[in-house]
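Understanding the architecture of this molecule
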Amino acid sequence: MNSSEDFPSSYPDNALFQFASWFTGVHGYVSLIICTFGVCTNIFNITILSRSDMRSPTNVMLTWLAVSDILTMIPYIPFAIHFYCVYDPMDVSPEKFTKQWTTYMQILVNLAATTHTISIWLGVALAVFRFVQMRTTATGPLARKRSMKQAKTVIVVVYIVSTLILIPNYVTNEIEEVTMNNKTMYVLKDLKLASNQTDTIVLVNVLVYSIVAKLIPCALMVVFGGSLLYSLAIKGKSRRRRLSTNGMGQKRETRQTKTTRMLLVVMILFLVTEFPQGVLIFMSAVMKDFYHNVYVPLGDLMDFIALVNNAINFVLYCSMSQQFRSKFLEMYLRRTSKFKKIEKLSFTHSFTKTLFTDVHS
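From a predicted model like this one, the values you see are computed outputs, not experimental measurements. (Residues numbered from 1 in each chain as written. Predicted model: local features only at pLDDT ≥ 70, side-chain atom pairs only at ≥ 80, totals over all residues. Heavy atoms only, no water.)

1. Some details on the layout of surface pockets
Approximately 170 Å³ is the volume found for the second largest pocket. V171, T172, E174, K189, D190, L191, K192, Q197, D199, I201 and V202 are the residues that line the second largest pocket. Elements with a contribution of two residues or more to the lining of the second largest pocket: helix 5 (167–172) and helix 6 (200–243). Residue composition of the lining of the second largest pocket, by class: four nonpolar, two polar and five charged. (1 Å grid on protein atoms, 1.4 Å probe; cavity = no way out; pocket = protein on both sides within 12 Å on 5 of 7 lines; lining within 4 Å. Points joined across faces, edges and corners; volume = space filled by probe spheres on them. Helix = DSSP H or I, 4+ residues; strand = E, 2+ residues; numbered from the N terminus. Nonpolar A, V, L, I, M, F, W, Y, C, P; charged D, E, K, R; others polar.)

2. Let's talk about the packing of helix 1 (residues 15–49) against helix 10 (residues 322–332)
Axis separation between helix 1 and helix 10 bottoms out at 10 Å; the angle between their running directions is 100°. Between helix 1 and helix 10, the angle is such that the two are roughly perpendicular. Residue-level inspection shows I43, F44, N45, T47, I48 and L49 of helix 1 in contact with helix 10, the latter providing F324, K327, F328, M331 and Y332. Classifying every residue of the contact of helix 1 with helix 10 gives eight nonpolar, two polar and one charged. (Axes fitted to C-alpha atoms, helices over the stretch in contact; angles between N-to-C directions. Parallel < 35°, antiparallel > 145°, perpendicular 65-115°, else oblique. Contact = heavy atoms within 4.5 Å.)

3. Considerations on the packing of aromatic side chains
Any aromatic ring pair is given by two values, namely how distant the centres are and how the planes are angled relative to each other. The full count for this structure, using the stated rule, is 20 aromatic pairs. A centroid spacing of 6.0 Å and a plane angle of 55° characterise the contact between W22 and F23, whose relative ring orientation is tilted. The class of W22 is exposed, set by a relative accessible area of 53%. Accessibility expressed as a relative area gives 8% for F23, which makes it buried. Ring centres 5.5 Å apart and planes at 70° place the aromatic pair Y317 and F324 in the edge-to-face group. In terms of burial, Y317 and F324 fall into one category: buried. Taken together, the aromatic side chains of Y76, F79, F83, Y84, F97, W101 and Y104 make up a single cluster linked through ring pairs. (Phe/Tyr/Trp six-rings, centres within 6.5 Å; stacked < 30°, edge-to-face > 60°. Buried < 20%, exposed > 50% of the residue type's maximum accessible area, 1.4 Å probe, protein only.)

4. Notes on the pairing of strand 1 (residues 175–180)
Sheet topology places strand 1 next to strand 2 (residues 183–188); six bridges connect them, and they run antiparallel. Across the sheet, residue V178 finds its bridge partner in strand 2, namely M185. In this structure, the hairpin formed by strand 1 and strand 2 is closed by a connection of two residues, where N181 is found at a positive phi of approximately 55°. (Pairing = 2+ DSSP bridges.)

5. Observations concerning the environment of M267
Here M267 shows up in helix 7 (residues 247–286). As for M267 and L126, which are separated by 141 residues in sequence, their C-alpha atoms are 8.9 Å apart. Not counting residues within four places of it along the chain, the set of residues in contact with M267 comprises A127, M221, G225 and L228.

6. Topic: the UniProt feature "transmembrane region" (unreviewed entry) in the chain
The positions UniProt marks with the feature "transmembrane region" (unreviewed entry) are residues 26–49, 61–84, 104–132, 153–171, 206–233, 262–284 and 304–324. Split by type, residues 104–132 is 100% helix and 0% strand. Its first and last C-alpha atoms lie 42 Å apart. Overall, residues 262–284 shows 100% helix and 0% strand. The separation of its end C-alpha atoms is 34 Å. (UniProt positions renumbered as here; feature names shortened; annotations may be inferred.)

7. Quick notes on the nonpolar core
Buried together is how nonpolar side chains tend to be arranged in soluble globular proteins. Grouped together as the largest cluster of nonpolar side chains are 39 residues, with contacts concentrated most on M61, L62, L122, M262, Y317 and F324. Breaking this core down by element, the ones donating at least two residues are helix 1, helix 2 (57–86), helix 3 (99–133), helix 4 (141–165), helix 6, helix 7, helix 9 (313–320) and helix 10. Examining the composition of this core, we find that eight residues originate from one element, helix 3, more than from any other. With 21 residues, the next largest nonpolar core counts F23, M105, L108 and L188 among its residues. (Core = buried A, V, L, I, M, F, W, Y, C linked by side-chain atoms within 4.5 Å.)

8. Side note on the packing of helix 2 against helix 4
Relative to each other, helix 2 and helix 4 sit at 20°, their axes nearing to 8 Å. Taken together, helix 2 and helix 4 sit at an angle that is classed as roughly parallel. The two elements helix 2 and helix 4 cross, and the hand of that crossing is right-handed. Note on element contacts: helix 4 touches helix 2 through S147, M148, A151, K152, I155 and Y159, opposite P57, V60, M61, W64, V67 and S68. Residue composition of the contact of helix 2 with helix 4, by class: nine nonpolar, two polar and one charged. (Left-handed = near helix turned anticlockwise from the far one by under 90°.)

In structure tokens:
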């Protein structure tokens with residue numbers, strides 16, 4: 001998310017900055033579309049996954065992942081309207097950068113950093129939970145109850161720790177008053193990254209944020225995701241052969257495979273979104289002029305990719321979970337006879353318990 005000082009009145013004549021100039025012009029409008037879609041679909045996610053007959057450790061974490069995504073997108077809508085649609089995104093003027101709107105930008109920058117940290121660590125938690133569950137033999141109501149309690153505890157810890165660890169980020173994002181054409185405007189203070197003027201707390205904060213909130217969780221996703229992929233590709237074959245004589249065991253194995261595949265896709269989306277940003281933030285802290293020459297031109301693109309990741313989970317769940325599709329049709333389209341027919345024709349087969357309700361098994 002770029003501040004006023006990041007937007008020059010015209011970009012230098014090179015390919016990266018020319019792309020940034022073009023994308024900044026459309027960023028506000030496409031972001032509004034993505035955010036509106038994402039807020040609506042994440043509401044669907046929350047209402048469907050929180051149903052009593054859909055409740056499982058995975059679904060509890062996916063529900064609070066949707067909450068985090070909504071907290072990212074709702075505040076972004078007025079930001080995009082004011083800074084990209086009402087005013088030219090390249091404009092730097094006192095009318096655009098009032099104290100109130102710059103304060104709003106400051107709050108949004110801090111909130112987005114927090115919600116992104118929450119989301120990625122919930123992604124790690126999903127991977128770890130699935131990794132453990134695929135190796136445990138414990139089943140039954142007590143095991144399910146214990147897993148639910150652990151999932152809820154992890155969610156609370158992730159939300160609290162993500163907020164606490166970003167306190168230095170809240171402190172270092174300051175507003176300063178500047179004068180332009182004898183008029184006062186307010187901007188976010190330049191952090192002067194990778195220079196002799198960089199404050200120690202700023203440097204430590206940026207490094208901690210890039211490593212703890214981006215690079216480490218991405219590395220953990222690669223480790224646990226690789227283990228899950230190995231289990232699917234290698235161990236899954238032998239387990240399926242072993243269970244082939246047991247109908248219920250085979251059905252359980254099929255459901256577990258679907259769940260694991262869905263979580264792998266979720267992790268891949270996080271890696272595509274968060275790992276490049278983590279690298280760019282880290283390089284901005286250690287390489288002179290990298291922030292203004294590389295990070296700033298790519299800032300709007302990274303924001304857009306993150307918003308797409310926040311909004312796309314509904315599409316993923318619908319495409320990979322029959323039960324999620326069925327619940328969506330039942331809850332939101334049940335009065336439409338056309339969709340009733342589609343549901344009857346498409347979703348009635350032997351596997352009535354699928355992706356989201358089997359995680360505890």
